[in-house]
Amino acid sequence: MNRAPATRSSARRLTVGALTLSVGEVVGKLGTLGMLGLMARQLGAADFGLFSLGLGLGLLLASVVTLGFDQRLVQLVGAEPESLDARLSALLTLRMALAITVVTVSAIVLMTLDEPAASREVIAVLVVAGCSDTLVEAFRTAANVRAVQVVPAAVLVVQRLLALGLVAWVLAEGHGVVAVAWAYCAASLGSLVVMAGVSRVVADVRPRAALVTRHHLGDFLRAVRVTGINDLVSMTLFRLDVVLLAVLAGEVAVGHYTAAYRLLETVLFVSWSLCRVVQPSLADTSAPIASRAGIVRACIVLVAAVYVPYTALLVVRGEDLMHLLFGAEFASAHVLWGLCLAPLAFGLAQVGATALLALRPDPAVLWASTAALATNVGLNLALIPAFGAVAAAVTTSLSYVVQAGVTVTALRRVMPVRSASRPLAVVALAAFVAAAVMLVPMAPLVAMAFGVGVYVLVWGVLTSVWDRPTLGFLRSLARPA
């Protein structure tokens, strides 16, 4: 008879956790967006494109280090909570060995390339930064398993604001893209030291070499065939377009595409935060499958409630926003329009993959990312030579649509997720009204703020009339446990 209050309390904890991570991500993303906007204005399209290429390659090579081990850690500890320290010790051992290998091989390959020394240095430094961030993520995942989210989120905010400060300083001193890369890397390395310390203090996470066993190493390695390969394919999908653009269209096209992509990537924290918070609950084998399916449905609705109106804002006022953030050189609406479907499709794919991997290393996740990657590579090779950055943008959206379709279809076969067609229709109608309002001639920021207010109002009214279950869920979060 106490199940309803317990359910409300659990839902509230998930919501508070998601809000905590989201606030941290908002501040951090704004810091990153400010840093990139400053770089774009000070460095110009070519050098900004070089930094974007190096950052993309760094993150792409870092996927060889991650190999889906963070999701595997959550899954393993969900069944055996007391094993966290030992399993984190094994994860860090594997990750450090892989990071050293990736950095060493990258340095050797870069030395053989017939490229300017500055270009090679920028890429090498950003590869180190990417590998460092994978170690930060391991500690953060362990803290999240212990339901400690505020302090690790704060550390990442500090990292991004520190990167902004260091980049602003080196640019003010008249330095170029090489110094900018080193400033970014310094912020990443500093964050690793701090994250390891705070995880020990606030989450009692204590990895030690003595805890590493062949059994625990094997638990991670056995999942590589699904989670690891999926991580590689997903990150390749996420970053390959930048590499292909650089090869087929040049670094200026990379700069234009990256500016637009960063504007969309800024909101991906919504699905990322939700998935990170619900992972332990979805992996909890003591919870009934119907309860976990309800969590998945709520995530789908919340992701759509943010991404659909954001897409409307970018379609209507995206060019104005690009001009404000990056300058007139990057204010192209066509690239943004090509990317307009990417956030929602990415979010749906992420929610579906998180749910599937929480149950087991499901091969469907790998099939989905592989299908999306094949779509991405084929269309990019065919279209970029003729259409440049716009082709890369459209291809990115279509690739994530493919991934979302395969993932959600596989999820519905193993989990009884109820249809969300009504709340999604409510979201779409409210976003349409908000978009119409933003078309009214007025100052860009005023129009955006007015449109957001109208969307929230209309969505609230329509939800109260046509989507009572979602309204009831939201009200339950405010009731005492």
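Residues numbered from 1 in each chain as written. Predicted model: local features only at pLDDT ≥ 70, side-chain atom pairs only at ≥ 80, totals over all residues. Heavy atoms only, no water.

The name given to the chain in an unreviewed UniProt entry is Oligosaccharide flippase family protein, and the organism recorded there is Dermacoccus abyssi. Comment text from UniProt for the chain, heading Subcellular location (unreviewed entry), reads "Cell membrane". (UniProt positions renumbered as here; feature names shortened; annotations may be inferred.)

A. Geometry of helix α6 (residues 177-203). Its 27 residues give α6 an end-to-end C-alpha distance of 38 Å, which sits within 8% of 39 Å, the value for a rise of 1.5 Å per residue. With its phi angle positive at about 55°, Asp-204 sits one or two positions after the end of α6. (Helix = DSSP H or I, 4+ residues; strand = E, 2+ residues; numbered from the N terminus. Expected span 1.5 Å × (residues − 1).)

B. Region of interest: the pattern of salt bridges. The final tally for this structure, using the stated rule, is five salt bridges. Across the salt bridge formed by Asp-219 and Arg-222, the nearest N and O atoms sit 2.4 Å from each other. Among the ionic pairs, Arg-317 bridges to Asp-320, the shortest N-O distance being 3.0 Å. Note that Arg-317 and Asp-320 are positioned in helix α11 (residues 289-326) at a spacing of three residues, about one turn of the helix. Residue class for Arg-317 comes out buried when judged on its relative accessible area of 9%. Here the salt bridges do not stand alone but share partners, grouping Arg-87, Asp-219 and Arg-222 into one network. (Salt bridge = Lys/Arg side-chain N within 4 Å of Asp/Glu carboxyl O. Buried < 20%, exposed > 50% of the residue type's maximum accessible area, 1.4 Å probe, protein only.)

C. Molecular detail of the packing of aromatic side chains. Under the criterion given, the structure shown has four aromatic pairs. Taken together, a centroid distance of 5.9 Å and an interplanar angle of 85° make the contact between Phe-51 and Tyr-184 edge-to-face. Of the two residues, Phe-51 is situated in helix α1 (residues 3-66) and Tyr-184 in helix α6; the sequence distance between them amounts to 133 residues. Judged by its relative accessible area of 15%, Tyr-184 falls in the buried class. Between Phe-346 and Tyr-400 the ring centres are 5.3 Å apart and the planes differ by 85°, which places this aromatic pair in the edge-to-face class. Of this pair, Phe-346 sits in helix α13 (residues 342-359) while Tyr-400 sits in helix α14 (residues 363-414), and the two are 54 residues apart along the sequence. No difference in accessibility class separates Phe-346 from Tyr-400, as the two residues are buried. (Phe/Tyr/Trp six-rings, centres within 6.5 Å; stacked < 30°, edge-to-face > 60°.)

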